[in-house]
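# Examination of the molecular architecture
Listed below are the residues making up each chain.
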Amino acid sequence: MQWAIEYYGKMVEDFIFEELPDRLLARYIHLSKRMLEYGPNLKEPHTKAIGDGLFEMRLKSAEGIARVMYCTVIGSRIVMLHGFIKKSLQTPPKELEIARRRMKEVKKRYADA
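Below, the structure is looked at part by part. (Residues numbered from 1 in each chain as written. Predicted model: local features only at pLDDT ≥ 70, side-chain atom pairs only at ≥ 80, totals over all residues. Heavy atoms only, no water.)

## Digging into the pattern of salt bridges
Definition in use: What makes a salt bridge here is a side-chain nitrogen of Lys or Arg within 4 Å of a carboxyl oxygen of Asp or Glu, nothing more. A run of H or I in DSSP counts as a helix once it spans at least four residues, and a run of E counts as a strand once it spans at least two, with each numbered from the N terminus. Remark: exposure states derive from per-residue accessible area (1.4 Å probe, protein chains only) relative to the maximum for the residue type, with buried under 20%, exposed over 50%, and partly exposed in between.
Evaluation of the coordinates by the stated rule reveals six salt bridges. The residue Lys-10 makes a salt bridge to Asp-14 at a minimum N-O spacing of 2.9 Å. Of this pair, Lys-10 and Asp-14 both sit in helix 1 (residues 10-19), separated by four residues, roughly a single helical turn. For the salt bridge of Glu-56 with Arg-67, the shortest nitrogen-to-oxygen distance reads 3.5 Å. Taken together, the residues Glu-56 in strand 3 (residues 54-61) and Arg-67 in strand 4 (residues 64-73) connect sequence positions 11 residues apart. Both residues of the pair, Glu-56 and Arg-67, count as buried. Each of Glu-44, Glu-56, Arg-58 and Arg-67 takes part in one network of salt bridges that share partners.

Rendered as structure tokens:
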């Protein structure tokens, strides 16, 4: 099965490709290439299911820790919904809420298409 990666919007793409530090970006690129080949669930420590169809890509390097939240939709598409630099042990509820809200929008958009 051939997978494709899409972005919720330009702000998500800009965060990943312009704001992530170099080593975290390299890790994102590596994992996203694996996702294109093997699918969205690379299992821990690379990805983790959050629940209700929401997943997180877990990026870690000497520069810090980041998360990119994503979901899958019809047609073997992986949609990157939200990214952030992680500064605490727990994922902040605000970040999860943004990703969940965007996932609902994306799933509705594809269901209506």
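We are not done yet, so read on.
## Re unusual backbone geometry
Along the chain, Glu-44 connects to Pro-45 via a cis peptide bond; the corresponding omega equals 15°. Position of Pro-45 among the secondary structure elements: in the loop between helix 2 (22-38) and strand 2 (47-51). Phi is positive for Lys-43, close to 70°, though the residue is something other than glycine. Here Lys-43 lies in the loop between helix 2 and strand 2. At Ser-76, a position not held by glycine, the phi torsion is positive, near 55°. Considering the arrangement of structural elements, one finds Ser-76 in the loop between strand 4 and strand 5 (77-86).

## Looking at the sheet that holds strand 4
Going by this rule: Only strands that DSSP links by at least two bridges are regarded as paired with each other. What counts as an axis is a line fitted to C-alpha atoms, over the stretch in contact for a helix, and the angles between N-to-C directions run from 0 to 180 degrees.
Strand order in the open sheet formed by five strands is 1-5-4-3-2, and the pairing between neighbours is mixed. The two strands at the open ends of the sheet, each matched to only one other strand, are strand 1 (4-7) and strand 2. The mean inter-strand angle of the sheet, taken between neighbouring strand axes irrespective of direction, is 35°. As paired strands, strand 4 and strand 5 are joined by nine bridges and run antiparallel to one another. Its bridge partner lying in strand 5, Tyr-70 is registered against Met-80.

## Let's talk about the packing of aromatic side chains
We apply this condition: We call Phe, Tyr and Trp rings a pair once their centres come within 6.5 Å, taking the six-membered ring for Trp, and we label the pair stacked below 30 degrees between planes, edge-to-face above 60, and tilted otherwise.
Inspection of every chain in the model, using the stated rule, returns three aromatic pairs. Here Tyr-7 and Phe-17 contribute two aromatic rings whose centre-to-centre distance is 6.0 Å and whose plane-to-plane angle is 70°, an arrangement assigned as edge-to-face. Here Tyr-7 is found in strand 1, whereas its partner Phe-17 is found in helix 1, with 10 residues between them in sequence. For Tyr-7, a relative accessible area of 22% gives the class partly exposed. For Phe-17, a relative accessible area of 37% gives the class partly exposed. By way of ring pairs, the aromatic residues Tyr-7, Phe-17 and Tyr-28 are connected into one cluster.

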